[in-house]
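Commentary on secondary and tertiary structure
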Amino acid sequence: MSVLAGKRVLLGVTGSIASYKAVELASTLTQLGLEVDVVLTRGARQFVSALTFQSVTGQRAYVDEDLWGAEGHVLHIGLGKAAELIVVAPATANTLAKLASGTADNLLTLTALASEAPLLVAPAMDGGMFEHPATQVNLALLKERGVEIVGPESGHLASGLEAIGRMTEPARLAGHVRKLLGRSGPLVGQTVVVSAGGTQEAIDPVRVIANRSSGKQGYALAQAAIDLGAEVVLVSGPTALVSSVGAQLVSVTSGREMKAEVVKAARKADALLMAAAVADFRPTRAAKEKIKRVEGAPKVALTANPDILEAVSEGRKKFGKPRVVVGFAAESENLLENAAGKLRAKDVDLMVANDISAAAAGFEVDTNQVVLVDAGGHEELPLMSKAEVGERVLARVVEMLEKLK
Ligand code: CTP
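Calculation rules
Residues numbered from 1 in each chain as written. Predicted model: local features only at pLDDT ≥ 70, side-chain atom pairs only at ≥ 80, totals over all residues. Heavy atoms only, no water. Near = heavy atom within 4 Å. Polar contact = N/O pair within 3.5 Å; in protein donor to acceptor, adjacent residues only side chain to side chain. Areas by Shrake-Rupley, 256 points an atom, 1.4 Å probe, with all protein chains shown as cover. Helix = DSSP H or I, 4+ residues; strand = E, 2+ residues; numbered from the N terminus. Nonpolar A, V, L, I, M, F, W, Y, C, P; charged D, E, K, R; others polar. Domains from an automatic or database assignment. Contact = heavy atoms within 4.5 Å. Buried area = accessible area lost by both parts, 1.4 Å probe. Salt bridge = Lys/Arg side-chain N within 4 Å of Asp/Glu carboxyl O.

With that out of the way, let us pick up the site of the ligand. Around the ligand sit 13 residues in total, of which Met274, Ala276, Ile308, Phe328 and Lys342 are the nearest. Taking Met274, its main chain carries an N or O atom lying 2.7 Å from an oxygen atom of the ligand. In this structure, an oxygen atom belonging to the ligand sits 2.9 Å away from a main-chain N or O atom of Leu309. Coverage of the ligand by the protein chains reaches 75% of its 570 Å² of free accessible surface. Looking at the shell around the ligand, the elements that each hand over two or more residues are helix H12 (308–319) and strand S17 (324–331). The element contributing the most residues to the shell around the ligand is S17, with 3 residues. Along the lines of polarity and charge, the residues of the shell around the ligand split into 8 nonpolar, 1 polar and 4 charged.

Okay, here's the thing in structure tokens:
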């Protein structure tokens, strides 16, 4: 089961046009398995209704009248206690001022004042209101108290202005929520390095030798590690993906660049997850100028690329880090045999093997079917999303690190 499942988040929605985007945030968080209690202020209800939120969260959404309703006067205490995190998105200048001063004149601000849960605010307002010294002082005060302030972003505002004041997009906010929820996870204080995507090896300034790796599995591993509270370094080849909030992204192109960055990061890593598809061979010499067609088909001589896991293994013997190493083996035949062979040859603690000939388990798709192979045997996992595979692999990493304590 996902580590996020059942965690309770309180989403406060205040009176900004961006409140329509808070519906998407509520939906995204619900789909991640979180229980989302929504509290709307009077202003928010001018833009969007409680029913809209209830429809996407499957939970009751609360409004000011509920404070004086059947649950009596302790609703705010109950909501505040149950929440592992309070998110105010969008947060208007008015609500930020109330949060900063401790004003508690509606259900949301009462709940925020009564709760000990960490607070994340996503300001949204017109440019002038954001720049106003009063708003800036309030934000500085909230920051000093440990409140996480995300955004606002610059761009088109409802007033027609191009300025800073747009609420951060829901997908990005959800990333911040995950990072904050990870603070109570088993990998807090641990560094996890993930390599992802394929490498590109230059033939000339235009052409490369590449492979079909999309990076999806590696990025899902990085997210799973963040959900467990790890400090994550994501060494990535070129991909079309957006890095997770909380991951330190190190972008590389070639196998040799990836080796340099992975070896450097591995020295401080508790765990290394080597999910990247590193090119085994590169053109011996990359042409300085673009190869012209009229010159005819070129002969491209190839040289073997260094094996990154081999270099990591050498460092491991010297520095004792990474404490845990996970390798990945994409195979088109003899899956178990090949994976077990690579487990020994590459000095890794766990090999995640997948059969790339299966349609739903391989490049570009969002699902994967893997076998986890270690010295003790193997565990075949059913077809699942790459996000779930990430969670299962990280669960094994947590177990291995625990045993080393
Ligand atoms: N790997 C590596 N350095 C390389 C190539 C691969 O560190 N130059 C890592 C991969 O990231 C993966 C593991 O080694 O974690 C196995 O990769 P794979 O391509 O299956 O192994 P190869 O040794 O290249 O074997 P094959 O001949 O099957 O390609």
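Here the narrative resumes.
Much of the literature gives interface size as the accessible area that the parts lose upon coming together. Domain annotation of the chain identifies domain 1 (8–181) and domain 2 (187–403). If you average the C-alpha positions of domain 1 and of domain 2, the two centres end up 38 Å apart. Contacts between domain 1 and domain 2 engage 5 residues on the former and 7 residues on the latter. Between domain 1 and domain 2, a total of about 560 Å² is buried, with carbon and sulfur atoms accounting for 55% of that surface. Counting every contact that joins domain 1 to domain 2 gives 1 salt bridge. We note a salt bridge from Asp227 to Arg178, for which the minimum N-O separation is 2.7 Å. The interface formed by domain 1 and domain 2 contains 1 residue pair in polar contact (both at pLDDT 80 or more). Taken together, the residues of the side of domain 1 that touches domain 2 sort by class into no nonpolar, 2 polar and 3 charged.

Attention now goes to the side chain of Thr92. One can find Thr92 in the loop between strand S4 (85–91) and helix H5 (93–101). Within the structure, Thr92 has its side chain in polar contact with the backbone nitrogen of Thr95 (distance 3.1 Å). The residues contacting Thr92, other than those within four sequence positions of it, are Thr14, Gly15, Ser16, Ala124 and Met125.

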